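Working through the structure, step by step
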Amino acid sequence: MMIDVLLATYNGAEYLRQQIDSIINQSFQSFRLIIHDDGSNDETRNIIRSYTQKMPDKVFFLDDDFFPGGAKKNFSYLLNKSSSSYIMFSDQDDIWLPEKLEKMYNKILELEKSNPELPILVHSDLSLIDETGTIFEDSFFFHLKLKKKIERLEDILVENSVSGCAMIFNRKAVNLSSPIPNEAMMHDWWISCQVMKNRGIIYFIDEPLVYYRQHSRNVIGAKKAGYLFYIKKLSNPLKTADYLKRLYIQIKCLKKEYTISQYIFDLSKTIIRKLKS
């Protein structure tokens, strides 16, 4: 099997069928869908079982009593259970466009032909949809004023622009990133940084291949960048300080020589760039 699609769930019954259907109806079918649940108390687990019964050779449910506690740990658990050459992450509430898997797979194969020894990650843009599935922003990158080109580790140290639900990466990237440590902010950010730290390639497909659903229960979500965004951050100083502290801990794990002054400078530069654009 060439690709493992890893789906982490927790109380996701409301949108889960739409997400799974969009995966199993992809134009490229050489993949398996592996799902692990984090202790749901709604219909999530029953929905997953219904798909494994219908498609036992395509959909696999790690139906155990281990509950990692959070999306990062759940995806890390799934990653350790995967054995394929290429990995994709899936959230439980989005919708994949029909050619997402095919386009990403073709691009990573193309990059590997000329760079067979490197860790490689390919990611794409996303369109934002609301709870009803209506698009309200065509481009996630425009919405958050994110950098599209990543050429060095410093480009993603203070801000992640790679979304887990919109990326594919090779086994070399897995080997460099696993196990995902407690110091990591999120699984996707950690893997992206490890690819850059080890002189790998991150390639951006400038096209939305995911409908990224925004609702009240998003773990991360997509808050629009601008003056109001930063004013809200400042209105909750304890939460913001905790976030900045955890981010600095992650950075120090990736780049030990990184200083507080560098951190403040890079963070300020990122905020100014967003406010000017």
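Above this text sits the structure in question.
Residues numbered from 1 in each chain as written. Predicted model: local features only at pLDDT ≥ 70, side-chain atom pairs only at ≥ 80, totals over all residues. Heavy atoms only, no water.

Another point: the nonpolar core. Burial of nonpolar side chains together is a common tendency in soluble globular proteins. Grouped together as the largest cluster of nonpolar side chains are 41 residues, with contacts concentrated most on I3, V5 and L33. When residues of this core are assigned to their parent elements, the largest contribution, six residues, is made by strand 9 (residues 201-213). (Core = buried A, V, L, I, M, F, W, Y, C linked by side-chain atoms within 4.5 Å. Buried < 20%, exposed > 50% of the residue type's maximum accessible area, 1.4 Å probe, protein only. Helix = DSSP H or I, 4+ residues; strand = E, 2+ residues; numbered from the N terminus.)

Attention now moves to the environment of Y86. The topology assignment puts Y86 in strand 4 (residues 86-90). Residue Y86 is classed as buried on the basis of its relative accessible area of 6%. In this structure the C-alpha to C-alpha distance between Y86 and F169, which are 83 residues apart in sequence, comes to 5.7 Å. Apart from the residues within four sequence positions on either side, Y86 is in contact with M2, I3, D4, Y105, I108, L109, E112, I168, F169 and N170. (Contact = heavy atoms within 4.5 Å.)

Right, let's get into the layout of surface pockets. The computed volume of the second largest pocket comes to approximately 200 Å³. Contributing to the lining of the second largest pocket are K147, R152, E154, D155, I156, L157, V158, E159, D266, K269, T270 and R273. Along the lines of polarity and charge, the residues of the lining of the second largest pocket split into three nonpolar, one polar and eight charged. (1 Å grid on protein atoms, 1.4 Å probe; cavity = no way out; pocket = protein on both sides within 12 Å on 5 of 7 lines; lining within 4 Å. Points joined across faces, edges and corners; volume = space filled by probe spheres on them. Nonpolar A, V, L, I, M, F, W, Y, C, P; charged D, E, K, R; others polar.)

It is worth spelling out the packing of aromatic side chains at this point. According to the stated counting rule, one finds nine aromatic pairs in the structure shown. On the numbers, 6.1 Å between centres and 80 degrees between planes, the contact of F140 with F141 is edge-to-face. As far as burial versus exposure is concerned, F140 and F141 are alike and both buried. Through successive ring pairs, a cluster of aromatic residues spans F140, F141, F204 and Y212. Over the ring of Y51 we find K54, and its NZ or CZ is 4.5 Å from the ring centre. (Phe/Tyr/Trp six-rings, centres within 6.5 Å; stacked < 30°, edge-to-face > 60°. Lys NZ or Arg CZ within 6 Å of the ring centre and 35° of its normal.)

One pass over the structure, following the stated rule, counts 15 salt bridges. For D155, the salt bridge goes to K147, with nearest N and O atoms at 3.2 Å. Since its relative accessible area comes to 13%, D155 is described here as buried. On the accessibility criterion, K147 (33% relative accessible area) is partly exposed. Ionic pairing is found between R152 and D155, a salt bridge with its closest N-O pair at 3.5 Å. In the salt-bridge network here, residues are joined through shared partners; they are K147, R152, E154, D155 and K255. (Salt bridge = Lys/Arg side-chain N within 4 Å of Asp/Glu carboxyl O.)

With that settled, the discussion passes to the pairing of strand 2 (residues 31-37). Buried residues dominate strand 2, accounting for six of its seven residues. Sheet topology places strand 1 (residues 3-9) next to strand 2; seven bridges connect them, and they run parallel. Counted as the bridge partner of I3 is F31 from strand 2. On the question of chirality, the crossover connecting strand 1 to the parallel strand 2 by way of helix 1 (residues 13-24) is right-handed. Pairing of strand 2 with strand 3 (residues 59-61), which is carried by three bridges, proceeds in the parallel orientation. Pairing of L33 across the sheet is with V59, part of strand 3. This β-α-β element, strand 2 to helix 2 (residues 44-54) to strand 3, shows right-handed connectivity. (Pairing = 2+ DSSP bridges. Right-handed = clockwise from strand over helix to strand, strands pointing away.)

At 3.6 residues per turn, the α-helix brings residues three or four places apart onto the same side. Look at helix 4 (residues 100-114): 22 Å from first C-alpha to last across 15 residues, which is about the 21 Å you get at 1.5 Å a residue. Residues K100, L101, M104, Y105, K107, I108, L111 and E112 constitute the buried set of helix 4. For helix 4, the buried positions fall inside an angular range of 165 degrees around the axis, keeping them on one side. Seen from the open side of helix 4, the exposed residues pointing more than 90 degrees away from its buried face are K113 and S114. (Expected span 1.5 Å × (residues − 1). Arc of directions from axis to C-beta.)

What follows covers unusual backbone geometry. In this model, S178 is joined to P179 through a cis peptide bond whose omega is -5 degrees. Summarising the element assignment, P179 is placed in the loop between helix 6 (171-177) and helix 7 (187-197). Residues other than glycine seldom take positive phi values, yet K145 does so here, at roughly 55 degrees. Checked against the element boundaries, K145 lands in the loop between helix 5 (140-144) and strand 8 (167-170). You can call K145 partly exposed: its relative accessible area is 22%. Residue R199 is not a glycine yet carries a positive backbone phi of 60 degrees. Considering the arrangement of structural elements, one finds R199 in the loop between helix 7 and strand 9.

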